[in-house]
Amino acid sequence: MSEDTGELRGGTERKPPRAEQTVFEELRILAATPGFAHIIAYLCARDNFTLFSGEITADDMQHFYSRSRLIRTEMFTLIGLMVQAAPDYAAPPPEDAADLVARTDSLLGELHDSLSEPWRQSMLAMFQGKPTGSIERPDADLREAIFYGGEGGFPFQNCELATLKYREDAQWLMTRHGVSIDEIVAVALAMDEATRLQVSEVLKSGPLIAGDPALLEAFMVDLDQAAQRLNGDPAVVRSAIAPLTFGTSDRNPSFQRLSDFNAVNASPVLECGDGRRLLFHFNALAEALYESPYYWMAADEAYKTTHFTHRGDFTETFALSRLEAVFGLGRVYRGVHLEKRKGERIEIDVLAVFADRAVVIEVKSKRLTLEARRGNDLQIRRDFQNGVQAAYDQALRRAEQLLDPAVKLVLADGQVLKLEEPIRQVHPICVVADHYPALNYQTGQFLKARAIDGVLAPLVIDVFALDAVCEMLDRPLRLLSYLELRARFGTKMIFQHEMTLLAYHLKYNLWPDDDHDAVVLEDDFVADLEIAMSARRIGLPGRRTPEGILTAIYGRVLDQVLKVIEASPQASMIEFGLLLYELSGRSIECLANGVDRVIIEAGRRGRSDFSMGFAGTGVTVHSNTFPAAEAEQRLEAHLLVRKYDTKSNSWFGLCLEPSTGRVRMGQKVSFDWEEDPEMDEVMTQFRAAMPRETSAE
């Protein structure tokens, strides 16, 4: 890859982009064109819809992740500017619709170049050894990262979590708006279904043409028909969607710069003046469902404190439920107090304990403020300090206490939590309650971390990423493996959102090549994850599990072994299970085949052995019907021999039941390797007596 030196091929100097505000004002003029709603309808149909037959695949969704696609923030910049011109939605399409589409794409491209220019200049300065501009002041980078950072969550997540987030505010919603959050979400989903069906019919009828009047019509929703879909009262439907509707008399006056408040983001349903509503972008409505009620309640001085309490409770309760889905009931706790001396107590929001491992979740409900979104460096840092750094500092203090054997763990009901094994490794997770734009980038720039033995680097995510991580990595070893690999290699991966990294991990395992200092991940990795999540949550016809680490040994004996380890966790076997999840696809396949062969051979002969080495360790699998004491003795002897033979510092062993593959026992030997004449003699006898087995890769 060649460096960008500021010059084009042929020696022509690169022309710097025009000023951001200049481009913004041209977009404002363009959006005021009579009939511009037809242009937006075309762009939304072009960039947000796909036709597929049978099961949807990642190939069907690739254009959703194309760099040329307009994202929601760009689309709503256009909509926010259009409504300032009092648009007539009954106006015919502009005669030069195709030219207007090209001009819109061009101006939005210029806008992106303008926002990216400080970063580009900083990179150029760094290559040339000059002062680095935005590298020293990351707010310049952050404005671009915040605006183009993508969606916070999938639309169905916003809908599902909104019903949970505002459930305790039901009385306030009913008193103020006459509806429940469930009714608001149901109406939004009915509107989405109507527009999807209508736009799909247009797309099926022929080529997508800019200025086709049928497109704008397809984004129109008749609320009476929506009520019929729901078998509901039209008055309730109108009440449900009213708080999210941008009225015909509204003009969005505050939207004078790109970073200003854009009212159509909070009210993405447009009133058309003929009793119908215009819904260009369901993702925006879904996000508004999750975000906007907060502002309604925060504006009520008498109620806002109550809502803030509900909001914090929701985040903790949600984190608890997601970890319980992974680790099971009885291993996850909320509100655990740590006591070292009488009267000294600190509380963990959510704690999961699995053998000698612990996951500590600290939640924060602080948001990225409008002033921070504008690029105010001091406010960006202040918001990060209040919303992320504080959660990390709390998680770290709690992690340190957990590693202290003198600390007592007291549950919310006053009972003391008795640990079967001392905690020796803690995974801190900091969870923010809302979509926090450019969260991963800000964490890399601003987080002040401390290295503590036994405490891994933190995972900083929003509730949507936590939901996806726990949904897809729904077994203890799978989640713990991700947290370990994320802590070890996360800094080598460059990505916008945790969803991208999770999607990459599901396909390839999070183990970057040592030959690369950094790996840049494009968002198109998310396609398989989005399909899987949608298939599980809303029944989209597609693969519920992406091809990769979750399918490599599915249904094999080795997978059953891991399930047994998870059912009765012990520190040494947890370590073994995590080691398996670090293997390459080729190595895990080799091990799974070896285990299968051992079971089959032992079923015929009554016993069989298999050994395989990895980097610095390995595993021996025995399958026999010897009495337990004899089987244990034979297994341990075999481990010691294999460990010595490969000059390893540790070795794992499993004894399986012939035919069924049921785990009879597991062992580990671990100590530094040293040359031993007696062991050399043992090895000579061992090699002569035993058949050749699988060697280390």
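An account of the accompanying structure is given in this report. (Residues numbered from 1 in each chain as written. Predicted model: local features only at pLDDT ≥ 70, side-chain atom pairs only at ≥ 80, totals over all residues. Heavy atoms only, no water.)

**Some remarks on empty space enclosed by the protein**
Any empty space left between the atoms is revealed when a probe the size of a water molecule rolls over them.
Phase 1: In the structure shown here, the tally under the stated rule is three cavities of 30 Å³ or more.
Phase 2: Its volume calculated, the largest cavity comes out at about 50 Å³.
Phase 3: The wall of the largest cavity is formed by His427, Pro428, Ile429, Ala457, Pro458, Leu459, Leu483, Arg486 and Ala487.
Phase 4: At the level of secondary structure, the elements contributing two or more residues to the lining of the largest cavity comprise β9 (425–432) and α20 (476–489).
Phase 5: Tallied by class, the residues present in the lining of the largest cavity amount to seven nonpolar, one polar and one charged. (1 Å grid on protein atoms, 1.4 Å probe; cavity = no way out; pocket = protein on both sides within 12 Å on 5 of 7 lines; lining within 4 Å. Points joined across faces, edges and corners; volume = space filled by probe spheres on them. Helix = DSSP H or I, 4+ residues; strand = E, 2+ residues; numbered from the N terminus. Nonpolar A, V, L, I, M, F, W, Y, C, P; charged D, E, K, R; others polar.)

**Section: the packing of aromatic side chains**
Phase 1: Scanning the entire structure with this criterion turns up 19 aromatic pairs.
Phase 2: Ring geometry for Phe49 and Phe219: centres 6.0 Å apart, planes at 70°, overall edge-to-face. Placement of Phe49 in the loop between α2 (36–48) and α3 (58–61) and of Phe219 in the loop between α10 (213–218) and β1 (220–222) is noted, with a sequence separation of 170 residues between them.
Phase 3: Phe49 sits in the buried class, given a relative accessible area of 16%.
Phase 4: In this structure Phe219 comes out as buried when scored by relative accessible area, which is 1%.
Phase 5: Put simply, the rings of Tyr290, Phe314, Phe318 and Phe464 pair up and form one aromatic cluster.
Phase 6: Over the face of the ring belonging to Tyr290 we find Lys165, whose NZ or CZ atom lies 3.9 Å from the ring centre.
Phase 7: Across from the ring centre of Phe671, 3.7 Å away, lies the NZ or CZ of Lys643, which sits over that ring. (Phe/Tyr/Trp six-rings, centres within 6.5 Å; stacked < 30°, edge-to-face > 60°. Buried < 20%, exposed > 50% of the residue type's maximum accessible area, 1.4 Å probe, protein only. Lys NZ or Arg CZ within 6 Å of the ring centre and 35° of its normal.)

**Let's talk about the pairing of strand β13 (residues 607–614)**
Phase 1: Burial of β13 is extensive: six of the eight residues sit out of reach of the surface.
Phase 2: As paired elements, β13 and strand β14 (residues 617–624) share eight bridges and run antiparallel to each other. Bridging from a neighbouring strand, Ser611 pairs with Thr620 of β14. (Pairing = 2+ DSSP bridges.)

**Observations regarding the nonpolar core**
Phase 1: Counting residues in each nonpolar core, the largest one holds 126 residues, and the members touching the most others are Leu323, Phe327, Ile361 and Leu591.
Phase 2: Ranked by residue count, the leading element in this core is helix α14 (residues 282–298), at 10 residues.
Phase 3: If we skip the residues at most four places from it in the chain, Phe327 touches Val332, Ala352, Phe354, Val359, Pro476, Leu479 and Leu480.
Phase 4: Within the second largest apolar cluster, 52 residues are counted, among which are Leu70, Met75, Phe255 and Cys272. (Core = buried A, V, L, I, M, F, W, Y, C linked by side-chain atoms within 4.5 Å. Contact = heavy atoms within 4.5 Å.)

**A look at the sheet that holds β1**
Phase 1: Read from one edge of the open sheet, four strands run β1-β4-β3-β2, paired in mixed fashion. Edge positions in the sheet fall to β1 and β2 (245–246), since each has one partner strand and no second.
Phase 2: As judged from the two bridges shared by β2 and strand β3 (residues 269–271), these two strands associate in the parallel manner. If you follow Thr245 over to β3, its bridge partner there is Val269.

**Digging into the sheet that holds strand β16 (residues 663–670)**
Phase 1: Strand order in this open sheet of four strands is β13-β14-β15-β16, and the pairing throughout is mixed. Two strands bound the open sheet, and with one partner strand each, they are β13 and β16. Going from strand to strand, the sheet's axes swing by 15° on average, the running direction of each strand aside.
Phase 2: Of the pairings in the sheet, the one linking β14 to strand β15 (residues 650–656) comprises five bridges and is parallel in character. Counterpart to Val619 in the pairing with β15 is Phe652.
Phase 3: Where helix α26 (residues 628–645) meets the sheet, it contacts β13, β14, β15 and β16, and its direction lies at approximately 35° from that of β16. (Axes fitted to C-alpha atoms, helices over the stretch in contact; angles between N-to-C directions.)

**So, the layout of surface pockets**
Phase 1: Put simply, the second largest pocket is a space of about 870 Å³.
Phase 2: For the lining of the second largest pocket, the secondary structure elements donating two or more residues are α4 (72–82), α6 (139–147), α13 (263–266), α14 and α16 (370–373).
Phase 3: For the lining of the second largest pocket, the leading source of residues is α14, giving seven residues.

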